[in-house]
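The residues making up each chain are set out below.
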Amino acid sequence: MINAIDMNSRRRVLAGTALSLSAVGALALLGQTTRAAGSVAASPNVGQDVQLLNAALALEDEGIAAYQIGAESKLLTPDVLKIAVTFQGHHKQHRDDLTAAIKRLGGKAMEPKSQPDYAKSLGTATLKDQAGVLRLALKLERGATNAYLGLISSLDQSDLYLLAARTASDESFHAAVLGNALGEAIPQKAPMFG
Amino acid sequence: MKLNYLFWAAALLLASESVPVTAARLATPLPSAPQPPPGVPTRGAEIYETKCGACHSLDANRIGPKHRNLFGRKAGSIADFHYTNALKQSGIVWNAQTLDRWLQNPVAMVPGTAMGIRLTSAQDRADVIAYLRQNSR
């Protein structure tokens with residue numbers, strides 16, 4: 001359930017105290033006000049953005065799990081394993097960025113599923129070789145790029161556009177590397193995503 | 001004679017008011033929803049993989065619910081998937097028309113949904129819908 005913010009009361013508090021607070025103090029107060037705000041939605045669009053960001057968070061959690069399964073599969077060569085772990089690290093940073101954004105909006109970040117749940121829904125039991133792991137990763141990264149690009153036009157808070165675009169860029173970088181590792185031809189047509 | 005005259009005068013008066021309206025109605029085609037282009041399931045499979053596949057699969061609930069047998073299904077009705085309240089309460093039944101609206105702008109159709117991605121091309125939507133229809137009973 002979304003914990004929303006009373007934006008008006010937050011603005012009132014900040015307006016009344018801004019002159020006597022440092023920037024750090026104001027941010028700390030903002031955080032406290034957000035946490036103390038209770039459960040009345042400030043605006044339906046803020047709640048909407050929280051829902052969309054939570055879906056993106058679920059996407060990142062699934063990606064982290066997929067790379068974990070790949071890393072533990074013993075199907076990857078040491079060089080590819082290093083890349084997989086690096087990409088997983090990027091997804092963990094995306095997860096943290098999304099979690100921070102959800103909390104900033106007064107929402108509650110969804111918890112990830114269990115590793116066996118991810119393994120089941122991704123069908124990882126059928127992975128037999130490194131190429132299979134890479135194909136799964138490529139499918140998820142390509143899809144994630146499109147998902148983040150598609151998300152931008154649905155987000156209400158403009159400061160989230162950059163977050164979505166930046167994350168889409170990371171996912172497309174991953175997709176390019178994975179496509180290259182699989183020997184895929186460079187796409188002849190642009191745009192490649194979106 | 002006088003009665004006849006009055007009768008025709010009244011008839012003409014009525015006709016003068018009703019004929020233009022009727023004619024205008026006949027001349028103006030009834031508004032109808034634009035027909036989507038025919039969809040190609042094989043192309044829809046590719047689009048589904050690249051644009052929907054980050055969150056959806058035919059046979060597994062992931063970030064979004066599984067899609068096999070989607071046609072004719074009530075939105076929010078897969079028992080082991082956690083939907084938003086907005087979608088559960090939407091009353092939508094999935095068919096070509098509702099899917100076309102949904103894929104065009106899910107947030108506008110069901111405010112509060114967790115799905116934000118849009119398919120802006122009518123042809124892409126038609127292809128994905130054809131693919132989903134092909135994978136329904």
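Residues numbered from 1 in each chain as written. Chains lettered and ligands numbered in written order. Predicted model: local features only at pLDDT ≥ 70, side-chain atom pairs only at ≥ 80, totals over all residues. Heavy atoms only, no water.

### Considerations on the overall build of chain A
- When helices and strands are counted, chain A shows seven helices and zero strands.
- Mapped in sequence order, the helices and strands of chain A form the string α-α-α-α-α-α-α.
- The proportion of buried residues among the 194 residues of chain A is 39%.
- Here the contacts in chain A between residues at least 6 apart in sequence split such that 82% fall between residues at least 24 apart.
- Accessible surface computed for chain A: about 10,500 Å², of which carbon and sulfur atoms make up 60%. (Helix = DSSP H or I, 4+ residues; strand = E, 2+ residues; numbered from the N terminus. Buried < 20%, exposed > 50% of the residue type's maximum accessible area, 1.4 Å probe, protein only. Contact = heavy atoms within 4.5 Å. Areas by Shrake-Rupley, 256 points an atom, 1.4 Å probe, with all protein chains shown as cover.)

### Quick word on the confidence of the model for chain B
Residues and elements named next belong to chain B.
- Confidence in the prediction for chain B averages 84 pLDDT; 75% of positions are at 70 or higher.
- Model confidence for chain B, summarised as mean pLDDT per element, is weakest for helix α1 (residues 2-27) at 46 and strongest for helix α6 (residues 122-134) at 98.
- Here residues 10-27 is a poorly scored stretch, pLDDT under 50, and it has one contact once near neighbours within four places are set aside; other chains count.
- Confidence estimates for the predicted assembly give a pTM of 0.77 and an ipTM of 0.74. (pLDDT = per-residue confidence, 0-100.)

### Remarks on the packing of aromatic side chains
- For the structure shown, the criterion picks out five aromatic pairs over all chains.
- Ring centres of Tyr48(B) and Tyr131(B) lie 5.2 Å apart, and the angle between their planes is 50 degrees; this geometry places the pair in the tilted category. Pair noted here: Tyr48(B) is in helix α2 (residues 41-52) and Tyr131(B) is in helix α6, with a separation of 83 residues, a long-range link. The two residues Tyr48(B) and Tyr131(B) agree in class, both being buried.
- Geometrically, the ring pair formed by Phe81(B) and Tyr83(B) is edge-to-face, given 4.9 Å between the ring centres and 75 degrees between the ring planes. Each member of the pair Phe81(B) and Tyr83(B) is classed as buried.
- An aromatic cluster of three or more residues is present, and its members are Tyr67(A), Phe87(A) and Phe173(A). (Phe/Tyr/Trp six-rings, centres within 6.5 Å; stacked < 30°, edge-to-face > 60°.)

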